[in-house]
Structure formats: structure tokens, C-alpha cells
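# Report on the structure
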Amino acid sequence: MDAQRALLDELMGSARNLTEDERRGYKEVKWDDKEVCAYYMVRFCPHDLFVNTKSDIGPCTKIHEAKLKESFENSPRHDSYVHKFEAELAHYCEKLVMDLDKKVRRGRERLAQEVEIPAPPPISAEKSEQLSVLEEKIRNLLEQVESLGEAGKVDEAEALMRKVEMLNVEKTALTQQSQQNSALMIGQEKKMALCETCGSFLVANDAAERTQSHVTGKQHVGYGMVRDFLSEYKAAKEKAREEERLAREKEAEERKNLREKEYESRRRRSVSSDRDKHKDRDYDRERDRHRGRDRALDKNGRGSRDFERGSDWKHGTSRNGRNRSRERRDRSRSHSPIRHGSKRSRSPVRKY
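Quick notes on the rules
Residues numbered from 1 in each chain as written. Predicted model: local features only at pLDDT ≥ 70, side-chain atom pairs only at ≥ 80, totals over all residues. Heavy atoms only, no water. UniProt positions renumbered as here; feature names shortened; annotations may be inferred. Helix = DSSP H or I, 4+ residues; strand = E, 2+ residues; numbered from the N terminus. Buried < 20%, exposed > 50% of the residue type's maximum accessible area, 1.4 Å probe, protein only. Areas by Shrake-Rupley, 256 points an atom, 1.4 Å probe, with all protein chains shown as cover. Expected span 1.5 Å × (residues − 1). 1 Å grid on protein atoms, 1.4 Å probe; cavity = no way out; pocket = protein on both sides within 12 Å on 5 of 7 lines; lining within 4 Å. Points joined across faces, edges and corners; volume = space filled by probe spheres on them. Nonpolar A, V, L, I, M, F, W, Y, C, P; charged D, E, K, R; others polar. Salt bridge = Lys/Arg side-chain N within 4 Å of Asp/Glu carboxyl O. pLDDT = per-residue confidence, 0-100. Contact = heavy atoms within 4.5 Å. Polar contact = N/O pair within 3.5 Å; in protein donor to acceptor, adjacent residues only side chain to side chain.

As recorded in an unreviewed UniProt entry, the protein goes by Luc7-like protein 3 and comes from Anisodus acutangulus. The Sequence similarities (unreviewed entry) comment attached to the protein in UniProt states, word for word, "Belongs to the Luc7 family."

This is the structure we're talking about:
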């Protein structure tokens, strides 16, 4: 009844039987509420895998509803929550697998131990009395066989010997029955095998029907789902880490190439700027050279006349061919006061 109710709640919602008035004050449960099982939302709930088995971990205390799961899968926030729910489920499944692996290790150790042959159990009083009676019968029959043989009654002696053999077989059966039982138990113990998936002990070389029944059982299938989920989760996580590493390397390579391009661009601009500076410097140098030459030409033009005049004075002649003494005389006459005065007054010369 409870299972049917839970199934209806899962399909139609937990408020399926409420009246209109009750629905008004009813708070609708959403998939992201704390009361909802995150394991069930993302994959499976481990509590549902081992019901009525030796590994049963009890019922889940949270809500399992197909409508909530469908709402979660269609939600725009699905991708942002699925990684969180998967991480929680993986953490819980790792605990289950750790406990199971401990059980598997103990099973291996148990199978690896050497099986010691136990000592035969002591014979009971009843069997001891039976053995005594058999031994007495055998002894009497042997005495009769000896007497008949001495009397020449061979056929009768052989018939008694067959009875003695039968009694010996019965005696051996009584003494070896316990040893055969212990050997049978030891043989069965050696044929046990261990399931690495769920940790159950199996009979080696068992019938195919029983082996198939174990493989399709809840415990084996449940632990298989748990192990498969963990393998997929770890593989996806490793793949994501590898993609992230490659993305970081690609980004670093792009930044490196960008820096190299910027460095090359700055270097080219620097070379171009230096080239322009050299051009300007050469231009200034050439301009200064031309200016200096022009100044030198102007200076040399005036200086040459002075030089020519100086050279003429040095040799005692001027440019007009006059000697230096005459040149001095002429200058002295030109600076004479009488001459200057006569030029200023322009007075007539008195005649005596």
C-alpha cells in the first residue's frame, strides 16, 4: 500500500488528494528545496538500489517525485545545479564503494588462507558399540573359517570369508564417515569465489542459471551502477581539468604572441624614430656645414683684400705702384693744418 501511494505521489504529486481549500494554504514543493532528494534529481538515489538485500541502507528521507525531476531537467538553472548535485552524489557513492572495497579485501584474505584439514571427530558411543559387535562377529567367523579349512570344507569356508569381507566394509564405513564429511566440507570451501563488483561469495563453476540470477540481482546491479557512475564522473572531471589546462596554455600562448607583437611594433617604431632622428641630425649637420662655408667665404673675401694690402705694405709698394715713403708723405700732406685751414677759409694768398 505504501509503495502504491509513493508511486502515485511520484506521478501525480503529493497534493493530489487535497481539496481546493487545502490547496490554497498548501506550499508547493520545488526541485531546489532542501526537502527534495538531489541524488534522485541528477541520477539515482542509492537508497533505492539495495531494497530487501544484505546491503539495504534504508529508505531515503527526502522527496522523490518524477514531476520535480522533469521540472529540474527543463529548468534554465539545470546546468548550474547539475554539477553540484553530481558532486554530492559522487561523495556519497565514494563512501559506499570504500566500505564495499573493505569487504572485498576481507573476502580475498579469507579465500587466500590455507584450509587446514581438521582432525576427525571422535566416534560416538553408539558407533563404538557397533564397531565392537562387528569386530566380535569378524573374529568368530575367522575362527569358523579356520576350522572348516582344516576339515576340508572349502566351500563353506569361502562363504564365511565373504561375510567377513562384508563386515569389514561396514566397519570401514563407520570409521571413515566423519573423515569423508570433513573432506567434503573442505572441497566445497575451496570452490568458493568472490564477486569483485558487489563482494558476494559465489560457488565457482556454478550453474549458469544461478550465476545469471546473481548478475541480475539488485545488489550486483546496484553496486554496478554506483561504480559506473563514479568512473564516468571521474573521467568527466579529468576531461574538464584537461580542457581547462589546454585553455590556460592557449591563453598564455596568445598573451605571449601579443606581447611579442607589441614588442616588435615598439621596436619598429623605435628604429623608425631613430632613423628620423639620424636624418634630422644629418640634415642639421649639412645645414651647419653650408652655413659655416658661407661664413667662411664671406670672411675670406674681406680678409683677402686686407691680406693683399698687408702684403703690399710689407714689400714697400701699394696697389697703385707707389712706394711706402711717398704714401706716407701724401698722407702727411693731406693731414697738414695749413692745408686744411686753407681749404676751410678759402682766403686769397697775400702777395708781397
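## Brief notes about the overall build of the protein
Within the protein one finds 11 helices and 2 strands. Moving toward the C terminus, one meets the helices and strands of the protein in the order α-α-α-α-α-α-α-β-β-α-α-α-α. Taking all 352 residues of the protein together, 19% fall into the buried category. For the protein, the accessible area works out to roughly 27800 Å², and carbon and sulfur atoms hold 50% of it.

## Considerations on helix H5 (residues 78-112)
Structural remark: α-helix, 3.6 residues per turn; residues separated by three or four positions point the same way. For H5, with 35 residues, the first-to-last C-alpha span of 49 Å sits near the 51 Å given by 1.5 Å per residue. By the burial criterion, the buried members of H5 are His78, Val82, Phe85, Glu86, Leu89, Ala90, Cys93, Leu96, Val97, Leu100, Val104 and Gly107.

## As for the layout of surface pockets
In this model, the largest pocket occupies a volume close to 430 Å³. Put simply, the parts of the chain that give the lining of the largest pocket at least two residues each are strand S2 (201-203), helix H8 (208-215) and helix H9 (218-315). Here the lining of the largest pocket gets 4 residues from one element, more than from any other, and that element is H8. Class assignment of the residues belonging to the lining of the largest pocket gives a composition of 4 nonpolar, 8 polar and 5 charged.

## Some remarks on the pattern of salt bridges
One pass over the structure, following the stated rule, counts 12 salt bridges. Between glutamate 244 and arginine 248 there is a salt bridge; the shortest N-O distance is 3.3 Å. Taken as a pair, glutamate 244 and arginine 248 lie in helix H9 at a separation of 4 residues, close to a single helical turn. Residue class for glutamate 244 comes out partly exposed when judged on its relative accessible area of 46%. Classification of arginine 248 by relative accessible area gives partly exposed; the value is 47%. Between arginine 255 and glutamate 251 there is a salt bridge, and its shortest N-O distance comes to 3.1 Å.

## Re the confidence of the model for the protein
On average, residues of the protein carry a pLDDT of 75, and 64% of them reach 70 or more. Considering each helix and strand of the protein separately, the mean pLDDT is smallest for helix H11 (residues 337-345), with a value of 46, and largest for helix H3 (residues 38-42), with 94. For residues 311-322, every residue scores under 50 in pLDDT, and the model assigns this stretch 13 contacts once sequence neighbours within four places are set aside. With pLDDT under 50 throughout, residues 338-347 is counted as low confidence; its partners more than four residues away or in other chains account for 5 contacts.

## Comments concerning the side chain of glutamine 219
Its place among the elements puts glutamine 219 in helix H9. Engagement of the side chain of glutamine 219 in a polar contact is seen with the side chain of serine 200, the distance being 3.1 Å. Excluding anything up to four places from it in sequence, glutamine 219 contacts Phe50, Thr53, Lys54, Ser55, Lys103, Cys198 and Ser200.

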